[in-house]
Amino acid sequence: MDGLNSNLNLNEGAPPRVMPRIGEWGPLEVPATRAKRRMRWWTILILVGVVAALVGYGYWMYTLVR
């Protein structure tokens, strides 16, 4: 019965150059969940900072033109 068991090879259709290197307990050099969460927060923080800088610059230009 072919459909009852799932295929555990998640890299089946990927070319070899993009497959992660597999260690004894799983893929090597893959960031941990905690590192991903930290990078997600840094990205949000930087994005908010850039938007605030753009709004501030736009307001400053508006006051100069007005």
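Use the structure listed above.
Along each chain, numbering runs from 1 in the same order as the chain's sequence is written. Note on the predicted model: pLDDT of at least 70 is required for a residue's local features to be given, and 80 or more for side-chain atom pairs to be given and counted; whole-chain, interface and lining totals, by contrast, use all residues. Based on all heavy atoms of the structure, the side-chain values leave hydrogens and waters out of the count.

A. Structural detail: the overall build of the protein chain. Counting from the N terminus, the helices are DSSP H or I runs at least four residues long and the strands are E runs at least two residues long. A count of helical and extended segments in the protein chain gives one helix and zero strands. Counting only C-alpha atoms, the protein chain reaches 75 × 25 × 25 Å along its principal axes. By residue count, 2% of the 66 residues in the protein chain fall in the buried class. Using a 1.4 Å probe, the Shrake-Rupley method yields the accessible areas, and only the shown protein chains count as cover for residues. Counting every atom, the protein chain has about 6,800 Å² of accessible surface; 65% of that belongs to carbon and sulfur. Counting rule applied: Lys, Arg positive; Asp, Glu negative; His and chain ends not counted. Each charge is placed at NZ for Lys, CZ for Arg, CG for Asp and CD for Glu. Computed over 8 positive and 4 negative side-chain charges, the separation of the two mean positions in the protein chain equals 23 Å. The classification of residues rests on relative accessible area computed with a 1.4 Å probe and restricted to protein chains. Under 20% of the type maximum is buried, over 50% is exposed, and intermediate values are partly exposed.

B. Region of interest: a positive patch on the surface. A contiguous patch of positive charge, built from R34, K36, R37, R38 and R40, is present on the exposed surface. Considering the arrangement of structural elements, one finds K36 in helix α1 (residues 33-65). Patch definition: residues above 30% relative accessible area lacking any salt bridge, with like charges linked at up to 9 Å and the nonpolar side chains Val, Leu, Ile, Met, Phe, Trp and Tyr linked at up to 5 Å. Salt bridge, as applied in this entry: a Lys or Arg side-chain nitrogen positioned within 4 Å of an Asp or Glu carboxyl oxygen.

C. The arrangement of a nonpolar patch on the surface in detail. A surface patch of nonpolar side chains, about 660 Å² in accessible area, is lined by M39, W42, L45, I46, V50 and L54. On the secondary structure map, W42 appears in helix α1. Note on W42: relative accessible area 48%, which makes it partly exposed.

D. Local environment of the environment of N11. Its location among the elements puts N11 in the segment before α1. Overall, N11 belongs to the partly exposed group, its relative accessible area being 23%.

E. The packing of aromatic side chains, seen in detail. Two aromatic rings from Phe, Tyr or Trp, using only the six-membered ring of Trp, form a pair when their centres are within 6.5 Å; if the ring planes differ by under 30 degrees the pair is stacked, by over 60 it is edge-to-face, and anything between is tilted. Enumeration according to the criterion identifies one aromatic pair in this entry. Ring geometry for Y57 and W60: centres 5.9 Å apart, planes at 50 degrees, overall tilted. With Y57 and W60 both in helix α1 and three residues apart, the pair spans about one turn of that helix. Among the residues examined, W60 registers a relative accessible area of 46% and is labelled partly exposed.

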